[in-house]
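What follows is each chain in one-letter form.
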Amino acid sequence: MNAPHPSATARQSLYRDMSPLNLTPLWEVLHALVPPQPQSPCVPALWTYEELRPCLKRAGELITAEEAVRRVLILENPALRGQSAITQSLYAGLQLILPGEVAPSHRHTQSALRFIVEGSGAYTAVDGERTTMHPGDFIITPSWTWHDHGNEVDEPVVWLDGLDIPMVRFFDAGFAENGAARSQAVSRPEGASFARYGHNMAPVRGDAPFGAASPIFSYPYERSREALHQLERSAPPDAWDGWKLRYINPLTGGTPMPTIQPFLQRLPAGFEGQPSRQTDSAVYSVVEGAGTAYITSPQGTVRFDFQARDHFVVPSWQMLRLQSDAGCVLFSFTDRPVQQALGIHKEERLA
Ligand code: 1HN
């Protein structure tokens, strides 16, 4: 049987007649729907703290934390402007809280992480327990937990917020509620959760207090940094990642929050990493030291020279190579747990 040879105009005429019926021919879009490999619309991007901090300071002069609810400068992927997204699935922003300020209590289904970038002594409260922030501390706000922040010390405090906002938006599953009081009542002393779950032990009776999320909501830098330090003394660095650890939910060994996996890694002085790529786009916060990230896509290679407090994003399936003359420590987070739950996560390490 012969295939039909219709004119292009006959096809166009069909498409025109179909369109009012909300019909589209698959064969015109099939290749874009199932590309041979990921083609992220995201681009690599770097936010230096030197450029960003003056804007954050000006924001502090122009709006209070109370009026803003959260005084945050969103890190928007340059290719996703207007979407409040640093990758297709993740949100990131830098939040400032000044001495004497309160960011009022609320809760939402979106999960949040905080990674402290500058300043010490502000607190975040999660479901009745406060945690004092120090640079490098990793703190979580599980889905639907009440949370507020406050600064009762005399210096500004800045942290990176990472949320699963675009994911929850994708599922149209977002709810939010404001608290009755500005600051929630404190019902447990600081350190109560860490005492119960932070020492490779757990209460004999009782369920996970935050469901799928970790019962620990502060992972102090002192502890995480010490872990890397001991690792460094006991094993050679991985050729791609240096020494890299993932934060865990101590009750499960899995990720601290169902949608986001955070990591902390150290690259030794003189590190020349091998290239690798993964389907989970990654957001990086530079904690200590300095280095260079080379990120390669079909469009070419970009080079980011980074130092402490800078932030950068590596899109899905773009090749990343890390290099550091002085040595450095990097915090990062990705949507890997979601991709793993769906069975679609993929990683490739080149030698
Ligand atoms: C939020 O609740 C916080 O609690 C930060 O500090 C950033 C961005 C969008 C929606 C909620 C916070 C947020 C947010």
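Note that the structure is predicted; figures quoted are calculated from it, not measured.

What follows covers the sheet that holds strand S6 (residues 123-126). If you trace the five strands from one edge of the open sheet to the other, you get S7-S6-S9-S4-S11, paired in antiparallel fashion. With one partner strand each, in any of the chains shown, strand S7 (129-132) and strand S11 (176-178) form the two edges of the open sheet. When the angles between neighbouring strand axes are averaged without regard to direction, this sheet yields 25 degrees. Pairing analysis gives four bridges linking S6 to S7, with the strands arranged antiparallel. Within S7, the position partnered with Ala-125 by the bridge is Arg-130.

Time to look at the site of the ligand. Taken together, Arg-70, Tyr-91, Gln-95, His-106, His-108, Arg-114, His-147, His-149, Asp-161, Leu-163 and Ile-165 make up the full set of residues adjacent to the ligand. The contact in question runs from an oxygen atom of the ligand to an N or O atom on the side chain of Arg-70, over 2.7 Å. Interatomic distance of 2.9 Å between a side-chain N/O atom of His-147 and an oxygen atom of the ligand. Within the complex, 84% of the 330 Å² of free accessible area of the ligand lies under protein.

This next bit is on the nonpolar core. As a rule of thumb, soluble globular proteins bury nonpolar side chains together. One finds Ile-86, Leu-94, Phe-138, Leu-160, Leu-264, Phe-331 and Phe-333 to be the most contacted residues of the largest nonpolar core, which totals 39 residues. If sequence neighbours within four positions are ignored, Phe-333 has contacts with Leu-90, Tyr-91, Ala-92, Leu-113, Leu-160, Gly-162, Ile-260, Gln-261, Pro-262, Ser-281, Ala-282 and Val-283. Counting residues in hydrophobic clusters, the runner-up holds 15 residues, among them Ala-282, Tyr-284, Ala-293 and Val-314.

Now for the pattern of salt bridges. Evaluated as defined, the whole model comprises 16 salt bridges. Between Glu-61 and Lys-57 there is a salt bridge, and its shortest N-O distance comes to 3.2 Å. Residue Glu-61 and its partner Lys-57 are located together in helix H3 (residues 49-62), separated by four residues, close to a single helical turn. Here Glu-61 falls in the exposed class, since its relative accessible area comes to 55%. Classification of Lys-57 by relative accessible area gives partly exposed; the value is 48%. We note a salt bridge from Asp-280 to Arg-336, for which the minimum N-O separation is 2.7 Å.

What follows covers the side chain of Asn-77. Residue placement: Asn-77 occurs in the loop between strand S2 (72-74) and strand S3 (91-97). A distance of 3.0 Å separates the side chain of Asn-77 from the backbone oxygen of Ile-86, its partner in a polar contact. Sequence-distant contacts of Asn-77, defined by excluding residues within four places in its chain, comprise Cys-42, Val-43, Trp-47, Ala-85, Ile-86 and Val-313.

Okay, H3 next. Counted at 1.5 Å a residue, the expected span for H3 with its 14 residues is 20 Å, and the 20 Å between its end C-alpha atoms agrees. The complete set of buried residues in H3 reads Tyr-49, Leu-52, Leu-56, Ala-59 and Gly-60. Axial view of H3: buried residues confined to an arc of 100 degrees, hence all on one face. Across from the buried face of H3, at angles greater than 90 degrees, the exposed residues are Glu-50, Glu-51, Arg-58, Glu-61 and Leu-62. Those residues of H3 hidden inside the fold are in contact with strand S1 (45-47), S2, S3, strand S5 (112-118) and strand S10 (157-163).

Quick look at unusual backbone geometry now. One non-glycine residue with positive phi stands out, namely Ser-84, at about 50 degrees. Of note, Ser-84 is situated in the loop between S2 and S3. The phi dihedral of Asp-172 is positive, around 50 degrees, even though this residue is not glycine.

This paragraph deals with the environment of Pro-236. Checked against the element boundaries, Pro-236 lands in the loop between helix H7 (221-234) and strand S13 (243-246). For Pro-236, a relative accessible area of 67% gives the class exposed. C-alpha of Pro-236 to C-alpha of Pro-268: the two residues are 32 residues apart in sequence and 9.9 Å apart in space.

Extensive coverage of S3 is indicated by the burial of seven of its seven residues. Neither face of S3 is exposed, since Tyr-91, Gly-93, Gln-95 and Ile-97 on one face and Ala-92, Leu-94 and Leu-96 on the opposite face are all buried. Here S2 pairs with S3 via three bridges, running antiparallel. Bridge pairing in S3 links Leu-73 to Leu-94. Two strands pair when backbone bridges link them, and S3 and S10 are joined in this way by seven bridges, in the antiparallel orientation. Each bridged residue has a counterpart across the sheet, and for Tyr-91 the counterpart in S10 is Leu-163.

In a beta sheet, neighbouring strands pair by backbone hydrogen bonds and run either parallel or antiparallel. Pairing is antiparallel across the open sheet formed by six strands, whose spatial order is S2-S3-S10-S5-S8-S12. Of all strands in the sheet, those with a lone pairing partner are S2 and strand S12 (218-219), marking the two edges. Against the sheet, H3 touches S2, S3, S5 and S10, its axis set at about 55 degrees to S3.

The rules behind these values
- Residues numbered from 1 in each chain as written.
- Predicted model: local features only at pLDDT ≥ 70, side-chain atom pairs only at ≥ 80, totals over all residues.
- Heavy atoms only, no water.
- Pairing = 2+ DSSP bridges.
- Helix = DSSP H or I, 4+ residues; strand = E, 2+ residues; numbered from the N terminus.
- Axes fitted to C-alpha atoms, helices over the stretch in contact; angles between N-to-C directions.
- Near = heavy atom within 4 Å.
- Polar contact = N/O pair within 3.5 Å; in protein donor to acceptor, adjacent residues only side chain to side chain.
- Areas by Shrake-Rupley, 256 points an atom, 1.4 Å probe, with all protein chains shown as cover.
- Core = buried A, V, L, I, M, F, W, Y, C linked by side-chain atoms within 4.5 Å.
- Buried < 20%, exposed > 50% of the residue type's maximum accessible area, 1.4 Å probe, protein only.
- Contact = heavy atoms within 4.5 Å.
- Salt bridge = Lys/Arg side-chain N within 4 Å of Asp/Glu carboxyl O.
- Expected span 1.5 Å × (residues − 1).
- Arc of directions from axis to C-beta.

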